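Here's the letter readout for the chains.
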Amino acid sequence: MTRTAEPFDAIEVIRAKRDRQTLTGPQIDWVVDAYTRGVVAEEQMSALAMAILLNGMDRREIARWTNAMIASGERMDFSALRGTGPDAGPKPTADKHSTGGVGDKITLPLAPLVAVYGVAVPQLSGRGLGHTGGTLDKLEAIPGWRAELSNAALMDQLSEIGAVICAAGAGLAPADKKLYALRDVTGTVEAIELIASSIMSKKIAEGTDTLVLDVKCGSGAFMKTEPMARELARTMVDLGRDAGVNTSALLTDMDTPLGLTAGNAIEVTESVEVLAGGGPADVVQLTVELARAMLAGAGVTGVDPAEALADGRAMDVWRRMISAQGGDPDAPMATARESHVITAPESGVLTRLDAMSVGLAAWRLGAGRARKEDPVQAAAGVRMHAKPGDTVQAGQPLLTLLTDTPEQFDRAMAALEGGFEVAGAGTAAADGFAPRPLIIDRID
Ligand code: URA
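Below or above, wherever it landed, is the structure these notes cover. Each chain carries its own residue numbering, running from 1 in the written order of its sequence. This being a predicted model, a pLDDT of at least 70 is required before a residue's local features are given, and a value of 80 or more before pairs of side-chain atoms are given or counted; all residues contribute to the totals for chains, interfaces and linings. Side-chain measures were taken over the full set of non-hydrogen atoms in the model, leaving aside hydrogen atoms and water.

**Examining the overall build of the chain**
We count a stretch as a helix when DSSP gives it H or I for four or more residues in a row; a strand needs E for two or more, and each element gets its number in order from the N terminus. When helices and strands are counted, the chain shows 17 helices and 13 strands. Put simply, the radius of gyration uses C-alpha atoms, and a globule should come to 2.2 Å times the residue count raised to 0.38. Its C-alpha atoms give the chain a radius of gyration of 22 Å, within 12% of the compact-globule value 22 Å for 444 residues. Reported as C-alpha extents along the three principal axes, the dimensions of the chain are approximately 70 × 60 × 40 Å. Partly exposed residues are those whose accessible area sits between 20% and 50% of the maximum for their type, while under 20% is buried and over 50% is exposed, using a 1.4 Å probe and protein chains only. Across the 444 residues that make up the chain, the buried fraction comes to 53%. Taking as baseline every contact in the chain between residues at least 6 positions apart, the subset at least 24 positions apart corresponds to 78%. Surface accessibility in these figures is a Shrake-Rupley result with a 1.4 Å probe; residues are shielded only by whichever protein chains are displayed. For the chain, the exposed surface amounts to about 17700 Å²; the carbon and sulfur share of it is 52%. His is not counted, nor are the chain ends, whereas Lys and Arg count as positive and Asp and Glu as negative. Where a charge lies is defined by one atom per residue type: Lys uses NZ, Arg uses CZ, Asp uses CG and Glu uses CD. Distance between charge centres in the chain, computed from 42 positive and 58 negative side chains, equals 4 Å. When checking whether two residues touch, look at their non-hydrogen atoms; a contact exists if any pair is within 4.5 Å.

**Some points on the layout of surface pockets**
Estimates place the volume of the second largest pocket at around 340 Å³. The rule is simple: put a 1 Å grid over the protein atoms alone, call a set of points where a 1.4 Å probe fits but cannot get out a cavity, call an open set with protein on both sides within 12 Å along at least five of seven lines a pocket, and count a residue as lining if it has an atom within 4 Å of a point. As for the second largest pocket, its lining consists of 17 residues, and the residues nearest its centre are D253, T256, P388, P435 and R436. In terms of residues, the lining of the second largest pocket owes the most to one element, strand β8 (residues 348-353), which gives 3 residues. When the residues that make up the lining of the second largest pocket are grouped by side-chain class, the tally is 9 nonpolar, 2 polar and 6 charged. Domain extents, as shown, originate in an automatic or database domain assignment. Taken domain by domain, the makeup of the lining of the second largest pocket includes at least three residues from each of domain 2 (94-324) and domain 3 (338-431). Grid points are joined across faces, edges and corners, and a volume is the space filled by probe spheres set on the points. Classes in brief: Ala, Val, Leu, Ile, Met, Phe, Trp, Tyr, Cys and Pro nonpolar; Asp, Glu, Lys and Arg charged; the others, Gly included, polar.

**Brief notes about the site of the ligand**
If even one non-hydrogen atom of a residue comes within 4 Å of a molecule or strand, that residue is called near it. Near the ligand the following residues occur: Y180, R183, I195, S198, I199, K202 and F222. Definition of a polar contact: a pair of N or O atoms within 3.5 Å, with one able to donate and the other able to accept a hydrogen when the atoms are protein atoms, and with sequence-neighbouring residues admitted only if both atoms are side-chain atoms. Contacts to the ligand include R183, whose side-chain N or O atom sits 2.9 Å from an oxygen atom. At 2.6 Å from a nitrogen atom of the ligand is found a side-chain nitrogen or oxygen belonging to S198. Calculation on the ligand without its partners gives an accessible area of 240 Å², and the protein chains cover 88% of this total. Residue assignment for the shell around the ligand shows that the elements contributing at least two residues are α8 (174-184) and α9 (192-206). By residue number, the principal contributor to the shell around the ligand is α9, which donates 4 residues. Of the residues belonging to the shell around the ligand, the class tally is 4 nonpolar, 1 polar and 2 charged.

**Some details on the nonpolar core**
By size, the foremost hydrophobic cluster in this structure holds 73 residues, and its most contacted members are W318, V382 and L399. In terms of domain composition, this core takes at least three residues from each of domain 2 (94-324) and domain 3 (338-431). Not counting the four nearest positions on each side in its chain, L399 is found in contact with H340, V341, I342, L353, V382, R383, M384, H385, L416 and F420. With 60 residues, the next largest nonpolar core counts L124, L158, A175 and L182 among its residues. The criterion is simple. A nonpolar core is a set of buried Ala, Val, Leu, Ile, Met, Phe, Trp, Tyr and Cys residues joined through side-chain atoms within 4.5 Å.

**Concerning the pairing of strand β11 (residues 397-403)**
One face of the sheet, then the other: side chains in a regular strand alternate in exactly this way. A large share of β11 lies buried, amounting to 6 of its 7 residues. For two strands to be treated as a pair, DSSP must find no fewer than two bridges joining them. Direction of pairing for strand β7 (residues 338-343) relative to β11: antiparallel, over a ladder of 6 bridges. Following the sheet pairing, H340 is matched in β11 by L401. Inspection of the sheet shows strand β9 (residues 381-384) paired to β11 by 4 bridges, in the antiparallel sense.

**A look at the side chain of D253**
Considering the arrangement of structural elements, one finds D253 in strand β5 (residues 246-253). Residue D253 is classed as buried on the basis of its relative accessible area, which comes to 6%. At 2.7 Å, the side chain of D253 and the side chain of R436 are in polar contact. Once you skip the residues sitting within four places of it in the chain, D253 turns out to touch C217, R436, P437, L438 and I440.

Have a look at this one:
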């Protein structure tokens, strides 16, 4: 195709945003489409992404950008899903998306929990990049489990079992795939407009009726401050609503990791503890709150999802969900060849356990990847023995580092330097310490 056949010129669009103008709808449609086709060059899109990061986009521009990314690929349709039984009606669908954090294994217990109540959960997920873990990497620690499903297999599993966690197919918002990879290497990931349109283009294309967003806020999250997290949440909720998806958001803490594990196999084991009615209180609380929001959005009221964790119904769905994708829910999980324990330097109260430090340490131990094509170690990660607010004794284990490659210990320990604080017993810092609440706000 020759350049003269194109209705716009990339340089004009870049200049317009550089000069703080509002892009027109046709300009946005064209630039996203032409970039996907390879007509707008990588360096041109990277200049435009930087101009957007610096000068922003208004609500109309963000909505148009999101729609253009949706239009670059397929849209899924779950409207034909039916419950089981001869006169079963249509099944509502609900999905959750987290903006990413450390120890965030919530999808694992949440999807089967919500499915217990007859709501289908199509949880199309990704792999981890950088310090935040990926849901698929965690589940791939289960022997035999397969992330890739055809659309037909996904629909069958949704109608029969009600919950699927699988890889998002290449057909959903391909423009975002290309643009996200470019943003990753051009310092433009952090633009709220681009994060919101990236996440929501995939979620709207996925076709869920209800979407609950878990927008993380704190050191281990994209959004370090509460005002930024609020703005992201508000933007995404508006985009979802405008597209006809029943969308709400929880704003949740990510200054400290979720639960007591950050890694792959160890996070699966912790999720199974939650499904067995136990597990760390914060993981249980967030799982139940997100389940409530998803169920309410799907019109299921008057139920207490905590009961289905306690009585084994969610565990039954989990076992069927894992088996349906080739996994053995009873197989022993991989254990790390080497471990190293970090102990409390003094007796007192643990007042800080920094999510970013723990996430980086787990990543350096081999739980995460630096490049998309890198493998991850199933057993690598960080086990936490105390959380902020806990009393600790000098010399007691605080963190256990796990890896198959012990040469990584030094770099993991460097990541944890300054990443935790113990306030001496009886000091004002210890006595007056109150951890930040896990659930900061709800945005409807
Ligand atoms: N997750 C996404 O899918 N896109 C972003 O831009 C950031 C997080």
